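Each chain, written out:
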Amino acid sequence: MSKKEILLTPVKLGAIELKNRLVMAPLTRMRAIAGDVPNPLAETYYAQRASAGLIITEATQISPLGMGYPATPGIYSAAQTAAWKKIVDAVHAKGGSIVAQLWHVGRISHSSLHPEQGLPEAPSAIAPAGQTYGADWKLHDYETPRAMTQEDIARFLSEYKLAARNAKAAGFDGVEIHAANGYLLDQFLQDKTNQRTDNYGGSVENRLRLLGEVIEAVATVFSSDRIGVRLSPYGAFNDMGDSDPMALFTAAVDKLNGYHLAYLHMIEPRSTSAGGNDQVNEDAPVTSALFRKAYQGKFISAGGYDQASGEKVLEEGLADAVAYGRLYISNPDLVERFEQRAPLNPYNRATFYGGGEEGYIDYPTL
Ligand code: 8OZ
């Protein structure tokens, strides 16, 4: 095989067979309809991208309090699950594989998004710096979240399990646990946001506890070889930080080795594009280089890759598959374009979040 074709070769991530090593990254698009039900257009949107080796859905909340932006979809109600089933069926009909990314945003939220539940919940009552979008799609100062009690944590774990059950009922090939980018599980991992004094805070072992419990809860529904985990070591998005990221994420990788997951998915901190811009910080640590070798299973790397840099990270043995986000927004046939080394459609950031068909299902194929 010529080196050039490495992205287009099959790979198995646990029990999930990928026909190539291109992964459609999880992409928040904020187009859900009433009841936080996925937009019916999402059937077309995801099916258009079914030639990817694996599709990871947009982050999908496990509960009302898990919602942090307007019009993101959930997977806790029957209507949401039924809509997801149509999407999964459409992707499977085109021979694709798809996993659901399950999240709870923790403090990255606003009470207007869940008026009956009140303030956002988080490991500690520490407000993020800055502003966020409320239900009115306008910017509001972040509120100080409510610190979760042990009862809240038990409820959160049961919500994760229910979401996994719904994902299974919808026919997903697996689930990805979102423990990255400053959302709830990442807030428990890092000490800038976790100042708890109970068994979920303090030591690295304690801060890793909730992630392990979520994996174990989800593993009662999906076999562990159908569960992936996403982490973002050294990521600063959403006002995150840790006093010793190397020690924390080395311990996280070591803990994940014990679960025999489908994959570990890491975001390169050089790419700060989430929600914002297209800046690249070339001085940022390279997490595939720092952590891939310590992880014993399959590894997906994300973060501003193009075809050449995607091939390179695979050739170097620093990843088994490469996740593409922005390129997948504007190139539904990214696989075919890479096969032919064809030019790519540019993306329009103005239509990333919210709206309807425009910038969603109208990007042309070759
Ligand atoms: C951009 C805008 C809103 C949410 C993430 C789910 O960073 C997101 C997200 C990205 O993981």
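Our subject in this report is the structure included herewith. This is a predicted model, so every value here is computed, not measured.

Moving on, we come to the pairing of strand S13 (residues 263-267). It is a general feature of regular strands that their side chains alternate between the two faces of the sheet. Extensive coverage of S13 is indicated by the burial of five of its five residues. Here S13 shows a buried face lined by Tyr263, His265 and Ile267 and a second buried face lined by Leu264 and Met266. Looking at chain direction, strand S12 (residues 227-231) and S13 are connected through four bridges and run parallel. Within the sheet, the bridge partner assigned to Leu231 lies in S13 and is Met266. Considered for its hand, the β-α-β crossover made up of S12, helix H7 (residues 245-257) and S13 is right-handed. Of the pairings in the sheet, the one linking S13 to strand S14 (residues 299-302) comprises four bridges and is parallel in character. For Met266, the partnering residue across the bridge sits in S14 and is Ser301.

Let us now look at the environment of His178. Its place among the elements puts His178 in strand S11 (residues 174-178). A residue is classified by how much of its surface remains accessible, and His178, at 4% relative accessible area, is buried. Sequence separation between His178 and Gln101 is 77 residues; the distance between their C-alpha atoms is 6.3 Å. Leave out the neighbours within four places in its chain, and His178 touches Ala59, Gln101, Leu102, Trp103, Tyr160, Tyr183, Leu185 and Arg230. A polar atom in the side chain of His178 sits 3.3 Å from the backbone nitrogen of Ala180.

As a further point, take the pairing of S12. The element S12 is largely enclosed, with a buried count of five among its five residues. What you see with S12 is no split at all: Ile227, Val229 and Leu231 on one side and Gly228 and Arg230 on the other are buried throughout. One ladder, built from four bridges, connects S11 with S12; its direction is parallel. Each bridged residue has a counterpart across the sheet, and for Ile177 the counterpart in S12 is Val229.

Turning next to the pattern of salt bridges. Within this structure, the stated rule accounts for 14 salt bridges. Across the salt bridge formed by Asp320 and Arg292, the nearest N and O atoms sit 2.8 Å from each other. Of this pair, Asp320 sits in the loop between helix H9 (307-315) and strand S15 (321-324) while Arg292 sits in the loop between helix H8 (287-291) and S14; the two residues are 28 residues apart in sequence, bridging distant segments of the chain. With respect to class, Asp320 is no different from Arg292; both count as buried.

The next thing to look at is the side chain of Ser124. Position of Ser124 relative to the elements: it lies in the loop between strand S7 (121-122) and strand S8 (131-133). Of the polar contacts made by the side chain of Ser124, one reaches the backbone nitrogen of Gln195; its length is 2.8 Å.

The subject of this paragraph is the site of the ligand. What surrounds the ligand is a group of eleven residues, the closest being Thr28, Trp103, His178, Asn181 and Phe237. His178 places a polar side-chain atom, nitrogen or oxygen, 2.8 Å from an oxygen atom of the ligand. Contacts to the ligand include Asn181, whose side-chain N or O atom sits 2.8 Å from an oxygen atom. In isolation the ligand offers 300 Å² of accessible surface; the protein chains occlude 90% of this area. Tallied by class, the residues present in the shell around the ligand amount to seven nonpolar, four polar and no charged.

Rules of the game
Residues numbered from 1 in each chain as written. Predicted model: local features only at pLDDT ≥ 70, side-chain atom pairs only at ≥ 80, totals over all residues. Heavy atoms only, no water. Buried < 20%, exposed > 50% of the residue type's maximum accessible area, 1.4 Å probe, protein only. Helix = DSSP H or I, 4+ residues; strand = E, 2+ residues; numbered from the N terminus. Pairing = 2+ DSSP bridges. Right-handed = clockwise from strand over helix to strand, strands pointing away. Contact = heavy atoms within 4.5 Å. Polar contact = N/O pair within 3.5 Å; in protein donor to acceptor, adjacent residues only side chain to side chain. Salt bridge = Lys/Arg side-chain N within 4 Å of Asp/Glu carboxyl O. Near = heavy atom within 4 Å. Areas by Shrake-Rupley, 256 points an atom, 1.4 Å probe, with all protein chains shown as cover. Nonpolar A, V, L, I, M, F, W, Y, C, P; charged D, E, K, R; others polar.

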